[in-house]
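An overview of the molecular structure
So you can see what is in the structure, the chains are spelled out below.
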Amino acid sequence: MEQTNEETLFNLQLDHDSGSHLKETAKWSRFLSIISFICLGFGLVALVFGAQAMSEVIRKAMPGMEAFSGVMVGAIGVALVILTWTTILLYRFSNLTSEGIRRQDQELFRNGIKALKNYFTIYGFFSVLGLLINVGTFIFELTKN
Amino acid sequence: MENSGNLFNIGIDPETRDHLYQAAKWARIIAIISFISAGLGLISVLTGDEEVNKTAMFIATLIFAGISITLNIFLLRFANNTKSSLSTMSQEHFNEGITSLHTYFKVIGILIIIFLSLFVIGILFFIVGMGMR
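Residues numbered from 1 in each chain as written. Chains lettered and ligands numbered in written order. Predicted model: local features only at pLDDT ≥ 70, side-chain atom pairs only at ≥ 80, totals over all residues. Heavy atoms only, no water.

**Regarding the overall build of chain B**
Each helix and strand in chain B was counted, giving three helices and zero strands. Tracing chain B from N to C terminus, the helices and strands come up as α-α-α. Against the globule reference of 14 Å for 133 residues, chain B gives a C-alpha radius of gyration of 21 Å, more extended than a compact globule. Along the three orthogonal principal directions, the C-alpha set of chain B runs to about 65 × 40 × 25 Å. Across the 133 residues of chain B, 34% fall into the buried class. (Helix = DSSP H or I, 4+ residues; strand = E, 2+ residues; numbered from the N terminus. Rg over C-alpha atoms; globule rule 2.2 N^0.38 Å. Buried < 20%, exposed > 50% of the residue type's maximum accessible area, 1.4 Å probe, protein only.)

Pasting the structure below:
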């Protein structure tokens, strides 16, 4: 513990400005995660009770790809799981960081920042994936024209 | 004077520094991807062969691209300032980075409140409209 104090003595500190801004950040991210949980709940209900109807819509939209409709519903389920995971990370960031600052607990604060890192890592990974799909679609559309 | 004082006993230890560095690295990637996606969205609307409502589509895409770019400028500022503060040990850059992260989440929150309010108003209009029939 002493070593940690020594290590941080001449380094960056969470001063009044950054501390209060980080507390506010935690408040807003908690609000965002709660809204996300509610939306995901609605999504889950829609998936559970509307999977059959959704499958039917996909089947009609893409005739000849009947086997594909189940895969599409499964993909929506996987997307819901990933979104829930990222929302949990955002919620963890807000709770641990604000608690860490309130209690002046270095470990809680560290875990809060770790949750933020994991949140941005997953968000970033899927952003890269989304961009690759977007660029692929864009090039396909250009060559089609 | 009070603002610059170290009223908190929490420091950025090596492990937290590493987490912050990784968070900033991914935040920068997310921001850059958002800029590229906004540009691609605008180009695809302009080059699209759909003539119907092309102006309306362009305006809608322009608004969304504008919001996305503005939002991600704050995320990019967080990434740049945080990375810079971690390498130079600049408390000022660190504070600026955290302020930008705060603004980023706050703007998203405010936008969500606006969209939810519009959604509720839309539903109320729909219910009133149905009742008047």
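**Some details on the interface of chain B and chain A**
On the side of chain A, 48 residues touch chain B, which itself brings 54 residues to the contact. Carbon and sulfur atoms make up 72% of the surface buried where chain B meets chain A, a total of about 4700 Å² over both sides. On inspection of chain B and its partner chain A, the count reaches two salt bridges. A:Arg110 is the partner of B:Glu15 in a salt bridge, and the nearest nitrogen-oxygen pair spans 4.0 Å. Between the two partners, chain B and chain A, sit nine residue pairs in polar contact (both at pLDDT 80 or more). (Contact = heavy atoms within 4.5 Å. Buried area = accessible area lost by both parts, 1.4 Å probe. Salt bridge = Lys/Arg side-chain N within 4 Å of Asp/Glu carboxyl O. Polar contact = N/O pair within 3.5 Å; in protein donor to acceptor, adjacent residues only side chain to side chain.)

**Some points on the packing of helix H4 (residues 106-144) of chain A against helix H1 (residues 14-47) of chain B**
The geometry of H4(A) relative to H1(B) is characterised by a closest axis approach of 8 Å and an angle of 25° between their N-to-C directions. Between H4(A) and H1(B), the interaxial angle falls into the category roughly parallel. You can see that H4(A) and H1(B) cross each other, and the crossing is left-handed. (Axes fitted to C-alpha atoms, helices over the stretch in contact; angles between N-to-C directions. Parallel < 35°, antiparallel > 145°, perpendicular 65-115°, else oblique. Left-handed = near helix turned anticlockwise from the far one by under 90°.)

**A closer look at the nonpolar core**
Judged by nonpolar contacts, the single largest core of 25 residues is most densely connected at A:Leu116, A:Phe120, B:Leu75, B:Phe78, B:Tyr104 and B:Phe105. Tallying contributions element by element places H1(B) first for this core, with six residues. For B:Leu75, the residues in contact, after removing those within four places along its chain, are A:Phe120, B:Ala27, B:Ile30, B:Ala31 and B:Tyr104. Of all hydrophobic cores here, the second largest spans 12 residues; its members include A:Leu14, A:Ile113, B:Leu20 and B:Leu86. (Core = buried A, V, L, I, M, F, W, Y, C linked by side-chain atoms within 4.5 Å.)

**Brief notes about the packing of aromatic side chains**
To describe a pair of aromatic rings, you give the distance between the ring centres and the angle between the ring planes. Per the stated rule, a full pass over the model turns up eight aromatic pairs over all chains. With 5.5 Å between their ring centres and 55° between their planes, A:Tyr119 and A:Phe120 make a pair best called tilted. For the pair A:Phe125 and A:Phe126, a centre-to-centre distance of 5.1 Å together with 85° between the ring planes defines the contact as edge-to-face. On the basis of relative accessibility, which here comes to 34%, the residue A:Phe126 falls in the partly exposed class. Here a set of aromatic residues connected by ring pairs shows up, and it is made of A:Tyr119, A:Phe120, A:Tyr123 and B:Phe78. (Phe/Tyr/Trp six-rings, centres within 6.5 Å; stacked < 30°, edge-to-face > 60°.)

**Regarding the confidence of the model for chain A**
Residues and elements named next belong to chain A. On average, residues of chain A carry a pLDDT of 87, and 92% of them reach 70 or more. Element-level mean pLDDT values for chain A span from 48 in helix H1 (residues 2-9) up to 92 in H4. Below a pLDDT of 50 lies the segment residues 1-6, which in the model reaches one contact outside its immediate sequence neighbourhood of four places, other chains included. (pLDDT = per-residue confidence, 0-100.)

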